[in-house]
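Here are the chains, one letter per residue:
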Amino acid sequence: QVQLVESGGGLVQAGGSLRLSCAASRNIFSFNSMGWYRQAPGKQRELVASITNTRANYADSVKGRFTISRDNAKNTVYLQMNSLKPEDTAVYLCNAKNYYIYWGQGTQVTVSS
């Protein structure tokens, strides 16, 4: 069984930065991909960024501001978020995929204006 635990969320003012972490209970190299999604009240869950063992992808809304990275030795995926905007406010959820899809419980990011 796989567990994903997110951390690093919080309250930050517009223009600030946060780094989210997703710690997995198993070797993340075994996953086809890992990613960060976010969901705000009244909105659908959307993909923010994903990463395989070879490449990363980003939603257009965060390109140039967010960076996804991974540390296989620590079984951890990160999301560095810079130049945060109020519209980035959401619960951010870690995702991992192989034959199954796994989700963390999420961490709240709130960006004040």
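These figures come from a predicted structure and were not determined experimentally.

Cut-off values and rules
Residues numbered from 1 in each chain as written. Predicted model: local features only at pLDDT ≥ 70, side-chain atom pairs only at ≥ 80, totals over all residues. Heavy atoms only, no water. Helix = DSSP H or I, 4+ residues; strand = E, 2+ residues; numbered from the N terminus. Rg over C-alpha atoms; globule rule 2.2 N^0.38 Å. Disulfide = S-S within 2.5 Å. Buried < 20%, exposed > 50% of the residue type's maximum accessible area, 1.4 Å probe, protein only. Polar contact = N/O pair within 3.5 Å; in protein donor to acceptor, adjacent residues only side chain to side chain.

**A few points about the overall build of the protein chain**
Now for step 1: When you go through the protein chain residue by residue, the secondary structure sums to 0 helices and 11 strands.
Now for step 2: Along the protein chain, from the amino end to the carboxyl end, the secondary structure elements read β-β-β-β-β-β-β-β-β-β-β.
Now for step 3: Against the globule reference of 13 Å for 113 residues, the protein chain gives a C-alpha radius of gyration of 13 Å, in line with a compact fold.
Now for step 4: Its C-alpha atoms put the protein chain at 40 × 25 × 20 Å along the principal axes.

**Considerations on the state of the cysteines**
Now for step 1: Counting across every chain of the model gives 1 disulfide.
Now for step 2: Covalent S-S linkage joins C22 and C94, the inter-sulfur distance amounting to 1.9 Å. Residues C22 and C94 are joined through a disulfide that is left-handed, its torsion about the S-S bond being -85°. Placement of C22 in strand β3 (residues 18-24) and of C94 in strand β9 (residues 90-97) is noted, with a sequence separation of 72 residues between them.
Now for step 3: Overall, the relative accessible area of 0% leaves C22 in the buried class.

**Quick word on the side chain of R38**
Now for step 1: If you trace the backbone, R38 turns up in strand β4 (residues 33-39).
Now for step 2: The class of R38 is buried, set by a relative accessible area of 7%.
Now for step 3: Reaching out from R38, the side chain makes a polar contact with the side chain of E46 at a distance of 2.7 Å.
Now for step 4: Here the side chain of R38 touches S61 through a polar contact of 3.5 Å, side chain to side chain.

**Regarding unusual backbone geometry**
Now for step 1: In this model, N75 sits at a positive phi of 55°, which is unusual for a non-glycine residue.
Now for step 2: The phi dihedral of S83 falls on the positive side, at around 50°, and the residue is not glycine.
Now for step 3: For S83, the position within the fold is in the loop between β8 (76-81) and β9.
Now for step 4: Classification of S83 by relative accessible area gives partly exposed; the value is 42%.

Note that all results are geometric; they support no functional claim without further evidence.
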